[in-house]
Amino acid sequence: MLKGAAGRYSLAYLALFAIYGIVSPYLPVLLRGLGYGPAALGLLLALFEVAGIIGPLVLTAGADARSRGGGSGSRPLLAGTALCVLASLPGLALPLGPAATALSLVLLALGLKTMVPLMDALVSSYAASRGPALRGGYGRIRAPGTLGFIAAALALQAAPAAFSGSPPALAACMGLATLAFLAAALALPAPPASAGPSPAGRAPKRRADPAFALGIAIIALNRMSMAPINSFLALYAKEDLGLDAAGAIWAISASAEIPFMLAAGRFIARRGPMPTIALSSVAIVARLALYTIFPSFGGIAAAQLLHSLCYGLYLPAAIRFVAERFPPERQATGMAIYMGAGVGLPAVLGSAIGGYVVEAWGYTTLFLSFTLFALASLALWAGTRARFERSAA
């Protein structure tokens with residue numbers, strides 16, 4: 001059990017990903033409950049991701065500027081993001097029309113998608129300040145977030161179908177989890193003293209490593225292949241297979257990621273961040289194929305176990321990549337670029353394209369066609385791996 005500052009960061013992650021434990025499995029279900037079809041749902045999810053790209057880039061730049069000026073930077077913004085999520089909930093609880101739903105999704109994205117890069121930047125700085133004294137580094141502090149995700153997803157899974165499929169009930173659960181995160185964010189410790197400017201003056205600003213943009217492109221293709229899983233897996237299970245098990249399906253994947261996230265530090269130290277991300281691309285291809293080869297709860301459960309590689313091993317590698325390749329005084333901005341261009345933009349394209357693919361050809365075609373993006377990510381890394389080795393040398 002982590003104590004002190006590390007424990008408070010872990011508690012904030014626990015609450016943060018409890019919100020994700022509701023939003024990730026149930027946001028498509030909530031939108032369906034408001035009366036939207038697959039194509040409209042795909043566009044609304046794409047809007048959610050677009051807002052989740054632009055907002056964090058602007059807000060985290062402000063956090064970095066305040067941190068360089070000796071301010072607390074990320075912590076007040078974390079509280080603000082929680083208030084933004086709370087403001088989004090009335091429009092998601094009630095069928096007030098497409099405009100109200102769209103506005104609420106923008107508010108939800110601005111809050112929820114900004115929380116993660118702010119937390120990751122704070123924890124990366126803290127882990128770096130502790131060095132070898134903090135065994136497991138980022139992965140060890142972040143792992144309790146998965147427990148929050150699992151607890152929230154399973155709690156909704158255990159609830160009656162009339163509750164877990166009700167937009168007002170889902171919005172209320174999101175509100176409770178957000179209030180818990182707000183309390184945890186207000187209790188976070190101040191960032192390490194080294195985060196501010198030195199009395200002797202500022203050191204020259206470092207530029208991002210030239211390999212950073214290439215790495216983000218590789219990550220973007222990798223995450224593009226995950227879009228059908230994140231946006232449409234719960235609907236596939238319910239509509240094609242007759243399974244009302246969104247919470248259980250996501251809890252399986254989240255449980256599988258915990259041991260790999262805890263062990264990721266040593267693996268990444270030996271292999272490097274980019275080879276680890278390439279390994280996750282291989283796992284994504286296998287995962288998408290399993291959904292179609294074994295169209296049953298057992299097949300989905302087996303595929304979800306590969307989340308251990310697709311996310312549990314991948315995420316610490318991606319965070320390490322950003323921390324190594326982006327200037328330390330702009331870590332929040334680097335994390336936001338990663339979340340926006342590497343994760344958010346692929347989710348936008350995947351959600352928008354995926355909705356039309358489902359309507360035209362069904363879920364099987366959706367899953368199989370998106371393996372091409374994982375293969376493209378793997379091919380791009382294989383063709384450019386020397387660039388990363390030279391940069392790291």
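In this text the structure is predicted, and so the values were computed from the model without any measurement. (Residues numbered from 1 in each chain as written. Predicted model: local features only at pLDDT ≥ 70, side-chain atom pairs only at ≥ 80, totals over all residues. Heavy atoms only, no water.)

Please set out the overall build of the protein residue by residue, giving values where relevant.
Assigned secondary structure in the protein consists of 16 helices and 0 strands. Within the protein, buried positions represent 56% of all 393 residues. Sequence-distant contacts in the protein: of pairs separated by 6 or more residues, those separated by 24 or more amount to 84%. Carbon and sulfur atoms provide 69% of the accessible area of the protein, an area that totals close to 15,100 Å². (Helix = DSSP H or I, 4+ residues; strand = E, 2+ residues; numbered from the N terminus. Buried < 20%, exposed > 50% of the residue type's maximum accessible area, 1.4 Å probe, protein only. Contact = heavy atoms within 4.5 Å. Areas by Shrake-Rupley, 256 points an atom, 1.4 Å probe, with all protein chains shown as cover.)

Give a description of the packing of aromatic side chains that names residues and reports values.
Applying the stated criterion across every chain, the model contains 11 aromatic pairs. Measuring from ring centre to ring centre gives 5.1 Å for Tyr-236 and Phe-367, while their planes differ by 80°; the resulting arrangement is edge-to-face. In this pair, Tyr-236 sits in helix H9 (residues 227-239) while Phe-367 sits in helix H15 (residues 363-369), placing the two residues 131 residues apart along the sequence. For the ring pair Phe-321 and Phe-388, a centre distance of 6.3 Å and an interplane angle of 65° mean the geometry is edge-to-face. Note that Phe-321 is positioned in helix H13 (residues 307-325) and Phe-388 in helix H16 (residues 371-392), a separation of 67 residues in sequence. On the accessibility criterion, Phe-321 (1% relative accessible area) is buried. A relative accessible area of 5% means that Phe-388 is categorised as buried. An aromatic cluster is built from Phe-212, Phe-321, Phe-326 and Phe-388, whose rings are joined through pairwise contacts. One residue, Arg-142, lies across the ring of Phe-17, its end atom 3.8 Å from the ring centre. Over the aromatic face of Tyr-314 sits the side chain of Arg-223, whose NZ or CZ is 3.7 Å from the ring centroid. (Phe/Tyr/Trp six-rings, centres within 6.5 Å; stacked < 30°, edge-to-face > 60°. Lys NZ or Arg CZ within 6 Å of the ring centre and 35° of its normal.)

How would you sum up a nonpolar patch on the surface? Please name residues and give values.
Taken together, the side chains of Val-50, Ile-54, Leu-57, Val-58 and Leu-59 make up a nonpolar region of the molecular surface, amounting to roughly 390 Å² of accessible area. The residue Val-50 is located in helix H2 (residues 38-68) in this model. Relative accessible area serves as the criterion here: at 34%, Val-50 is assigned to the partly exposed category. (Patch = residues over 30% accessible without salt bridge, like charges linked within 9 Å, V, L, I, M, F, W, Y side chains within 5 Å. Salt bridge = Lys/Arg side-chain N within 4 Å of Asp/Glu carboxyl O.)

Which residues make up the environment of Ala-93, and what are the values?
Take Ala-93: it is sitting in helix H3 (residues 74-93). Sequence separation of Ala-93 and Ser-104 is 11 residues, and the distance between their C-alpha atoms is 9.8 Å.

Can you tell me about the side chain of Thr-292, naming the residues and giving the values?
In this structure, Thr-292 sits in helix H11 (residues 273-293). A polar side-chain atom of Thr-292 sits 2.8 Å from the main-chain carbonyl oxygen of Ala-289. Once residues lying within four places of it in the same chain are set aside, the contact partners of Thr-292 are Thr-364, Phe-367 and Leu-368. (Polar contact = N/O pair within 3.5 Å; in protein donor to acceptor, adjacent residues only side chain to side chain.)

Which residues make up helix H8 (residues 211-224), and what values do they have?
Compared with an ideal rise of 1.5 Å per residue, which puts 14 residues at 20 Å, H8 spans 20 Å between its outermost C-alpha atoms and is within 8% of the ideal. Of all 14 residues that make up H8, 11 are buried, and the element is covered over most of its length. Those residues of H8 lying buried are Ala-211, Phe-212, Leu-214, Gly-215, Ile-216, Ile-218, Ile-219, Ala-220, Asn-222, Arg-223 and Met-224. (Expected span 1.5 Å × (residues − 1).)

I'd like a rundown of the pattern of salt bridges, residues and numbers included.
Enumeration over the complete set of coordinates arrives at 2 salt bridges. Arg-32 is the salt-bridge partner of Glu-239, the closest N and O atoms lying 2.5 Å from each other. A residue pair is termed long-range when its members are at least 10 positions apart, and Glu-239 in helix H9 and Arg-32 in helix H1 (residues 4-33) qualify at 207 residues. Under the relative-accessibility criterion, Glu-239 is labelled partly exposed at 37%. Taking the shortest distance from any N to any O, the salt bridge between Glu-257 and Arg-142 comes out at 4.0 Å. One end of the pair, Glu-257, is in helix H10 (residues 246-271); the other, Arg-142, is in helix H5 (residues 137-158), with 115 residues separating them in the sequence. Of the two residues examined, Glu-257 and Arg-142, each falls in the buried class.

Please set out empty space enclosed by the protein residue by residue, giving values where relevant.
Summary: where empty space remains is shown by rolling a probe the size of a single water molecule over the atoms. With the rule as written, the count across this model stands at 2 cavities of 30 Å³ or more. Approximately 750 Å³ is the volume found for the largest cavity. In terms of lining, the largest cavity is formed by 35 residues, of which the most central are Tyr-20, Ser-24, Lys-113, Asn-230 and Tyr-311. Where the lining of the largest cavity is concerned, the elements lending two or more residues are H1, H2, helix H4 (98-130), H5, H9, H10, H13 and helix H14 (331-361). (1 Å grid on protein atoms, 1.4 Å probe; cavity = no way out; pocket = protein on both sides within 12 Å on 5 of 7 lines; lining within 4 Å. Points joined across faces, edges and corners; volume = space filled by probe spheres on them.)

How would you sum up the packing of H10 against H11? Please name residues and give values.
In the contact formed by H10 and H11, the axes pass within 10 Å of each other and the chain directions differ by 150°. Viewed along their axes, H10 and H11 form a crossing whose handedness is right-handed. Of the residues in H11, those in contact with Ser-253, Phe-267, Ile-268 and Arg-271 of H10 are Pro-273, Pro-275, Thr-276, Leu-279 and Arg-287. (Axes fitted to C-alpha atoms, helices over the stretch in contact; angles between N-to-C directions. Left-handed = near helix turned anticlockwise from the far one by under 90°.)

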